[in-house]
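# Working through the structure, step by step
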Amino acid sequence: MLTALLVMVALALFLGLMLGYSALKFKVEGDPLVDRIDAILPQTQCGQCGFPGCKPYATAIAKGEADINQCPPGGDAGVHALADLLGVEYKPLNAEHGLPKPKSVAVIDENTCIGCTLCIQACPVDAILGAAKHMHTIIASECTGCELCLAPCPVDCISMQPIAETPDNWKWRYPVFAIKPEAPQIQKPQTA
Amino acid sequence: MSAITQLSRLFKFNGGVHPPENKLQSCALPIRRLPLPAKLVLPLRQHVGNLPKLRVAVGERVLKGQLLAEAEGTISAAVHAPTSGIIASIGEALIPHPSGLPDMCITLEPDGADEWLPHAPLDWRHADKQQLTESLRSSGIVGLGGAAFPSHIKLRADGTSGIDTLVINGAECEPYITCDDMLMRERAEEVVRGIEIAYYLLGAKQCLIGIEDNKPEAAAAMRAACDKSEYPLQVIVVPTIYPSGDARRLIHVLTGREIPSFKRSTDMGIQCFNVGTVQAIYRYFQFGEPTLSRIVTVTGNVAQAGNFDVLLGTPVTALLDAAGGALPDTNDYLMGGPMMGFSLPSAEVPVTKATNCIIAGAPKLFPEPEPAMPCIRCARCADACPVNLQPQELYWFAKSSNLEKARDYKLFDCIECGCCSYVCPSHIPLVQYYRFAKSEIISQDRAKQAADVARERNEFRLMRIEREKQERAQKHAQKAAGAKTEGSAAADGKTLEDAKKAAIEAAVARAQVQKAAVEPKNVSDLPPAVQSEIAEIDARRSDAALEVEKMQLKKTIDTNSVADGKGNEAVSQASPEPTAEK
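Basis of the calculations
Sequence order as written defines the numbering, with residues in each chain counted from 1. Lettering for chains starts from A, numbering for ligands starts from 1, and both go in the order in which the items are written. Only residues with pLDDT of at least 70 get local features here, since the model is predicted, and only at 80 or more are side-chain atom pairs given and counted; chain-wide, interface and lining totals rely on the full set of residues. Excluding hydrogens and water, the side-chain figures rest on all heavy atoms present in the structure. Runs of E in the DSSP output that reach at least two residues are strands. Runs of H or I that reach at least four are helices, and both are numbered from the N terminus. Radius of gyration means the value over C-alpha atoms here, while the globule rule gives 2.2 Å times the residue count to the 0.38 power. A 1.4 Å probe rolled over the protein chains alone gives each residue an accessible area, and that area as a share of the maximum for its type sets the label: buried under 20%, exposed over 50%, partly exposed in between. The contact rule is simple, with two residues in contact once any of their heavy atoms fall within 4.5 Å. Domain start and end points were adopted from an automatic or database domain assignment. Buried area counts how much accessible surface, traced with a 1.4 Å probe, disappears from two parts once they are put together, with both parts' losses summed. Just to be clear on terms, a salt bridge is a Lys or Arg side-chain nitrogen sitting within 4 Å of an Asp or Glu carboxyl oxygen. Here a polar contact is taken to be a pair of N or O atoms separated by no more than 3.5 Å, where protein atoms must pair a possible hydrogen donor with a possible acceptor and residues adjacent in sequence count only if both atoms sit in side chains. Under the convention adopted here, Pro, Cys and the residues Ala, Val, Leu, Ile, Met, Phe, Trp and Tyr are nonpolar, Asp, Glu, Lys and Arg are charged, and Gly plus all remaining residues are polar. Two strands pair under a simple rule: DSSP has to find at least two bridges between them. Between the N-to-C directions of two axes lies an angle of 0 to 180 degrees, each axis being a line fitted to C-alpha atoms and, for a helix, fitted only over the stretch in contact. Any pair of cysteine sulfurs within 2.5 Å is marked as a disulfide. Between 30 and 60 degrees the pair is tilted, below 30 it is stacked and above 60 it is edge-to-face, where a pair is any two Phe, Tyr or Trp rings, Trp via its six-membered ring, whose centres lie within 6.5 Å. Working rule for angles: under 35 degrees goes down as roughly parallel, over 145 as roughly antiparallel, 65 to 115 as roughly perpendicular, anything else as oblique. For this count, His and the chain ends are skipped, Lys and Arg are scored as positive, and Asp and Glu as negative.

## Quick notes on the overall build of chain A
Regarding its fold elements, chain A presents six helices and four strands. Seen in sequence order, chain A has helices and strands lined up from the N terminus as α-α-α-α-β-α-β-β-β-α. Over its C-alpha trace chain A gives a radius of gyration of 28 Å, far above what one expects of a compact globule, namely 16 Å for 192 residues. Along the longest, intermediate and shortest principal axes, the C-alpha atoms of chain A span 100 × 80 × 35 Å. For chain A, buried positions account for 29% of its 192 residues. Look at the contacts in chain A between residues 6 or more apart in sequence, and 50% of them connect residues 24 or more apart.

Okay, structure coming up:
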């Protein structure tokens, strides 16, 4: 009886120590789930989800405080990917947070710009170049198309322009086959 | 007998098909030259890689062989003027691309003089190899087999290439195309001289020239030319099977070595060039001629099919006219062969470095494909695939947009040869699905990269804002501390006012000293003439200032009286300069 108890106690102690040791040794820094959700989000940093950026939204999803269908730039594919990752049911995009749009970049009308720097302060990815009382311009390759610079502009000189299709970014289309009327041979017996 | 022993040494790749060759139509006549067309349209994008940088302006007269656009970055190729003339325009025009989208092009109007820019041969045997490859960069030579990869990268002769085998691709396996065949028949000497240059630059130890057995005349001409060469060049006749002209397949057939999917042939010590490319290399070194023309097969539904030596930028219509014109029932123009080519958006597009063949299509040549039926998983495509892929699985994944899975099944090893579509009993356009899936994956990868950059920039911005906040807080804390010590000094006897006054006086004194120190040097001792000029300018300046003040005063009075409250005008009046200009 006593031996059995001792054995159990010793075993419990040993396993406890092992668990404690591995908890310290293999400790995971940060929340890997947040990073994995963040990797799926499109990093537009537009805030349409109601959070001040993609990372805060990812954190909210991980905590269960936000739904997976609040990201219009991620589109339907993004919701599917999040649903797969989190093992939840797919939901269509919530229209309250906006609708998906074709990818665009902001363009500053440089003749109208008064150099107020308000858009520079609003840009989440520092994609606007300029200084006070000097013309601003957008670094198109860095612009995520978040539209956050539109609202603060006092002279409305920023517009969103959809990215044009060029031979460089052109994609082969999904093969679709037009449904054609039946071949004329079949009609022949009728006329004959 | 020798042919038998040679064939026994060769290796066989899996699959492949035997489509009707249709090569005889276009190799009956010798290579012909085209009359100079009315205009040449030269797309900047004629190669794989970066767009070259423009070096000419509209209206400029250029000579034949003059650089129009310079290679930019590592993977890029230059564009030269194919004849002398005037640059008529630089802008978007239709290019031969499956998208049918316009791209940046230079339009050249020939003046008929065909006047050359002075050019000289390069003594490649005695020049520094490094310099030779450097100069190749400005030659505009790209792979003329159709891939259009810049050749100067493949000929990197920095001693680290480690190339032991040079493979020359004269297989030309695709139906209808005969441009390489005719080139080897008529200009075998030039091709062999070009091979010698490549052999020397790469420091190769053996050279294998692969020619399919349906081109006996070409093989004989090449053998005769190789016999005169001082290098050990071997012409090897390979069995005709599509797609033995693919570089990796040909290397496998000739050497028995298979190149792993994640490696290049150079990693295995093998380099492969098309016969047209080595001929262009020869022309460049022997005569100093950059790539200005290429041989194009014009065949299909035309009156007199044949091969033409065509200046780059020549419209396809001019080419068709030279071949006797397209027959009336022509409904499509293909660039490339029937297996891998694509429909041209219009017959007005120019010939580029990648244009090896133009086929006028008609329903009698290429009947409408039968409607696609469901896949019956017969695996005939897998038997035909020369890359040992599982096309039926790839089709499944591509069709359902299961892109990650398609990538796992090595979609990117697919060479889009079309063997699978050719044998499919259900007439499924398999290659179209693979192309769709490939470009979708590529665009997703690009979006992912852009997202990573955006994340990084956003994180940096947040970090910067946080850092600025901390710095500001620190400054405030320091100021507060300074005020405290001053406060304690005031308690020592002096009043706070006195301390402030003293500080201001000290600052004024400092400023005066500084002002005296930085007397501008260029006005110290000047001749009287210059001094009087300066005085005059100063007087004018003060007058102008008075004038501006007056006008501003007047303007403010005007606006007050009109009291027009438009936002935009208020903004323009907020800045004094435009007002003064008025």
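The discussion continues.
## As for the domain arrangement of chain A
Residues and elements named next belong to chain A. As assigned here, chain A comprises domain 1 (32-97) and domain 2 (101-165). Taken over C-alpha atoms, the centre of domain 1 sits 25 Å from the centre of domain 2. With four residues of domain 1 at the interface, the matching set in domain 2 holds six residues. For the pairing of domain 1 and domain 2, the buried interface totals around 350 Å² over both sides, and the portion due to carbon and sulfur atoms is 60%. Broken down residue by residue, the surface that domain 1 buries against domain 2 is led by T44, Q45 and C46, which jointly contribute 85%. Between domain 1 and domain 2 we count zero salt bridges in total. The tally of links from domain 1 across to domain 2 stands at one residue pair in polar contact (both at pLDDT 80 or more). Among the residues making up the side of domain 1 that touches domain 2, the classes are represented as one nonpolar, three polar and no charged.

## Some words on the sheet that holds strand β9 (residues 165-170) of chain B
All names here are of chain B. In space, the four strands of this open sheet follow the order β11-β10-β9-β12, with parallel pairing throughout. At either margin of the open sheet sits one strand with a lone partner, and together these are β11 (233-238) and β12 (270-274). Across the sheet, the axes of successive neighbouring strands diverge by a mean angle of 25 degrees, strand direction being ignored. Here β9 pairs with strand β10 (residues 206-212) via six bridges, running parallel. Bridge pairing links I168 to I209 in β10. The sheet strands contacting helix α6 (residues 216-227) are β10 and β11, and the helix crosses β11 at an angle near 165 degrees.

## A closer look at the sheet that holds strand β14 (residues 306-311) of chain B
Residue and element names in this part refer to chain B. Here six strands make up an open sheet; going across it, the order is β1-β14-β13-β17-β15-β16 and the pairing mixed. Each edge of the open sheet carries a strand with a single partner, namely β1 (32-33) and β16 (342-343). Two strands pair when backbone bridges link them, and strand β15 (residues 332-335) and strand β17 (residues 357-361) are joined in this way by four bridges, in the antiparallel orientation. Each bridged residue has a counterpart across the sheet, and for L334 the counterpart in β17 is I359. Packing against the sheet, helix α4 (residues 179-186) makes contact with β13 (293-300) and β14, and its axis sits at approximately 125 degrees to β13.

## Observations concerning the state of the cysteines
Residues and elements named next belong to chain B. Applying the stated criterion across every chain yields a total of zero disulfides over all chains. Just so you know, C381 is unpaired, no disulfide at all, and the nearest cysteine sulfur is the one on C378, 6.1 Å from it. With a relative accessible area of 9%, C381 lands in the buried category. Summary of cysteine pairing: C419 is not part of a disulfide, and the nearest cysteine sulfur, belonging to C417, is at 3.5 Å. Relative accessible area serves as the criterion here: at 0%, C419 is assigned to the buried category.

## So, the packing of aromatic side chains
How two aromatic rings sit relative to each other is given by the distance of their centres and the angle of their planes. All chains considered together, the criterion is met by 11 aromatic pairs over all chains. Within the aromatic cluster, the residues linked to one another by ring pairs are A:Y174, B:Y395, B:Y433 and B:F436.

## Concerning the interface of chain B and chain A
At the interface, 32 residues of chain B touch 29 residues of chain A. With both sides pooled, the region where chain B packs onto chain A buries about 2700 Å², and carbon together with sulfur makes up 54% of that total. On the chain B side of the contact with chain A, B:R455, B:R457 and B:R461 bury the most area, a combined 21% of that side's loss. In this assembly, chain B and chain A are joined by six salt bridges. A salt bridge links A:D168 to B:R45; the shortest N-O distance between them is 3.4 Å. At the junction of chain B and chain A, the tally comes to 14 residue pairs in polar contact (both at pLDDT 80 or more). With 19 residues, helix α14 (residues 430-490) of chain B is the single largest residue contributor to the side of chain B that touches chain A. Of the residues that constitute the side of chain B that touches chain A, the class distribution is 13 nonpolar, six polar and 13 charged.

## Overview of the packing of helix α5 (residues 188-202) of chain B against helix α8 (residues 275-287) of chain B
Residues and elements named next belong to chain B. α8 packs onto α5 with a crossing angle of 85 degrees between their chain directions and a minimal axis gap of 7 Å. Considered as vectors, α5 and α8 are oriented roughly perpendicular to each other. Here E190, V191, R193, G194, I195, I197, A198 and L201 of α5 come into contact with α8, specifically with V275, V278, Q279, I281, Y282, R283 and F285. Its residues assigned to classes, the contact of α5 with α8 shows 10 nonpolar, two polar and three charged.

## Points about the domain arrangement of chain B
All names here are of chain B. What the domain assignment reports for chain B is domain 1 (141-289) and domain 2 (371-485). Summing both partners gives a buried area of about 540 Å² for domain 1 against domain 2, and 56% of it is carried by carbon and sulfur. Interface area lost by domain 1 to domain 2 is led by Y242, R249 and S261, which between them contribute 66%. At the junction of domain 1 with domain 2, the criterion picks out zero salt bridges. Counting across the interface, domain 1 meets domain 2 through two residue pairs in polar contact (both at pLDDT 80 or more).

## As for the pairing of β17(B)
Residue and element names in this part refer to chain B. The element β17 is largely enclosed, with a buried count of five among its five residues. Across the two faces of β17 the burial is the same, with C357, I359 and G361 and I358 and A360 all buried. In terms of strand pairing, β13 meets β17 through four bridges, oriented parallel. Within β17, the position partnered with T297 by the bridge is C357.

## Concerning the side chain of B:E172
Residues and elements named next belong to chain B. Tracing the backbone through its elements, the reader meets E172 in the loop between β9 and α4. Within the buried set, E172 has no salt-bridge partner at all; the shortest N-O distance to an opposite charge, 4.3 Å, is to K23. Of note is the side chain of E172, whose polar atom sits 3.0 Å from the backbone nitrogen of D181. Setting aside residues no more than four positions away along its own chain, E172 makes contact with K23, I177, T178, C179, D180, D181, E212 and K215.

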